[in-house]
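Okay, here's what each chain looks like letter by letter:
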Amino acid sequence: MPMRLSPFSRPLVAGHGVAASRIRQACIELGLQPVAAHGGEASLIDEARAAGCDALHPGEGDAVRQAALAERCRHLGLRFLGAETALLEAMANDRTMRQSMREAGLPLATPDSDGEIVAMSLLADRFGRVLYLSPRQCRGDAAVAPLNGLTVERYRYLGELAARGVARLGVVGLVEMRFCVAGNRLGFVDMRPGPTGDEALDEALVGLDPLVKQLRVLAGEPLRERQSRVSLNGQARLWRLEPPSDGVFTGGPGVRLDRCEQGGQARLLVWGRRPEEVERRAWRVFAEWWGDEEASRRL
């Protein structure tokens, strides 16, 4: 039976498309009664009030947008389901955030840093517990996790650095940290509010839904998972794409498609034990949609 959380039960979920749909699914899983937003950014508060909502989830969005929403909610007495306004404002200011990470003892990326950008989502509760998830790299409209060649020791080191930075700021909820990794050197780049849209990678590799966990910790629950029990299982890739309107999706092992009834952009997740298994499964899906030649080009 779904667990009903407090102190909110009827959140308005900002945004449209598959991003907002996934957040509403997480709400329903927890026994909440999410309301879909229909208008634009300017009408969100009015929509929430008209629908009898007691909270607002900002959906996916940058720190500047979320900070403005958080401040409006604070003034009007509506619960904001995201980071605190001060933290969002700090995320929006690179200089402020870099100074905070420097004080936390994190190495910083320099303007001339030449390496791969590696992102990692983290969850934090109000009791000071922090959980880091799978490292990933974005490549155009796709994201891959974990990184080839990333040893267990380097994964832990990267995660522990990120967790130290999150703890320093007193984060509660879901955030993403990005680092520039070049050989044995790494440096902090920036922090972004969650969700970011790559959460399905964590679901596949870690077996944990960050969207559900975000709602739980914002409701005051502690994180019950131990970092020592979090391990990465296999390989996964996530594509943001628009499937053909007449395309057939037959699914199959390790394949998942998140989409909306209205169509538009969807998210295809493909998991496998090894990178070559991911590639074979993805090729099969793309070939069903666009044919063999286009499938090979997209990979």
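Residues numbered from 1 in each chain as written. Predicted model: local features only at pLDDT ≥ 70, side-chain atom pairs only at ≥ 80, totals over all residues. Heavy atoms only, no water.

K.L.:
Would you mind showing me how to read the packing of helix H1 (residues 17-29) against helix H8 (residues 210-218) here?
P.N.:
For any two helices packed against each other, the geometry is given by the interaxial angle and the distance between the axes. Packing of H1 against H8 brings their axes to within 9 Å, and their N-to-C directions diverge by 60°. By the angle between their axes, H1 is oblique relative to H8. Crossing hand, H1 versus H8: right-handed. In this structure, H1 contributes Arg-22, Ile-23, Ala-26, Cys-27 and Glu-29 to the contact, and H8 contributes Leu-211, Val-212 and Leu-215. Of the residues in the contact of H1 with H8, the class split is six nonpolar, no polar and two charged. (Axes fitted to C-alpha atoms, helices over the stretch in contact; angles between N-to-C directions. Helix = DSSP H or I, 4+ residues; strand = E, 2+ residues; numbered from the N terminus. Parallel < 35°, antiparallel > 145°, perpendicular 65-115°, else oblique. Left-handed = near helix turned anticlockwise from the far one by under 90°. Contact = heavy atoms within 4.5 Å. Nonpolar A, V, L, I, M, F, W, Y, C, P; charged D, E, K, R; others polar.)

K.L.:
What is the right way to look at the packing of helix H5 (residues 94-103) against helix H6 (residues 152-169) in this model?
P.N.:
Running from N to C, H5 and H6 cross one another at 110°; their axes reach a closest spacing of 9 Å. When the interaxial angle is binned, H5 and H6 end up roughly perpendicular. Counting all contacts with H5, which are made through Met-97, Ser-100, Met-101 and Glu-103, the residues of H6 involved are Gly-165, Arg-168 and Leu-169.

K.L.:
Sorry if this is basic, but what is going on with the pattern of salt bridges here?
P.N.:
Where charged atoms of side chains with opposite charge meet at close range, the side chains can pair. For the structure on display, the rule yields 22 salt bridges. Residue Arg-65 is joined to Glu-41 by a salt bridge in which the shortest nitrogen-to-oxygen separation is 2.8 Å. Remark: Glu-41 occurs in the loop between strand S2 (35-36) and helix H2 (44-50) and Arg-65 occurs in helix H3 (residues 63-76); sequence separation between them is 24 residues. With a closest N to O distance of 3.4 Å, Glu-277 and Arg-281 form a salt bridge. Of this pair, Glu-277 and Arg-281 both sit in helix H9 (residues 275-290), separated by four residues, roughly a single helical turn. Taken together, the shared-partner salt bridges in this structure form one network comprising Arg-22, Glu-203, Asp-209, Arg-256 and Asp-258. (Salt bridge = Lys/Arg side-chain N within 4 Å of Asp/Glu carboxyl O.)

K.L.:
I keep staring at the side chain of Glu-176 and nothing clicks. Help me out?
P.N.:
Its place among the elements puts Glu-176 in strand S8 (residues 173-182). For Glu-176, a relative accessible area of 4% gives the class buried. A distance of 2.7 Å separates polar atoms of two side chains, one belonging to Glu-176 and the other to Arg-136. Once residues within four sequence positions are removed from consideration, Glu-176 is found in contact with Ala-119, Met-120, Ser-121, Arg-136, Asp-190, Met-191, Arg-192, Thr-196 and Asp-198. (Buried < 20%, exposed > 50% of the residue type's maximum accessible area, 1.4 Å probe, protein only. Polar contact = N/O pair within 3.5 Å; in protein donor to acceptor, adjacent residues only side chain to side chain.)

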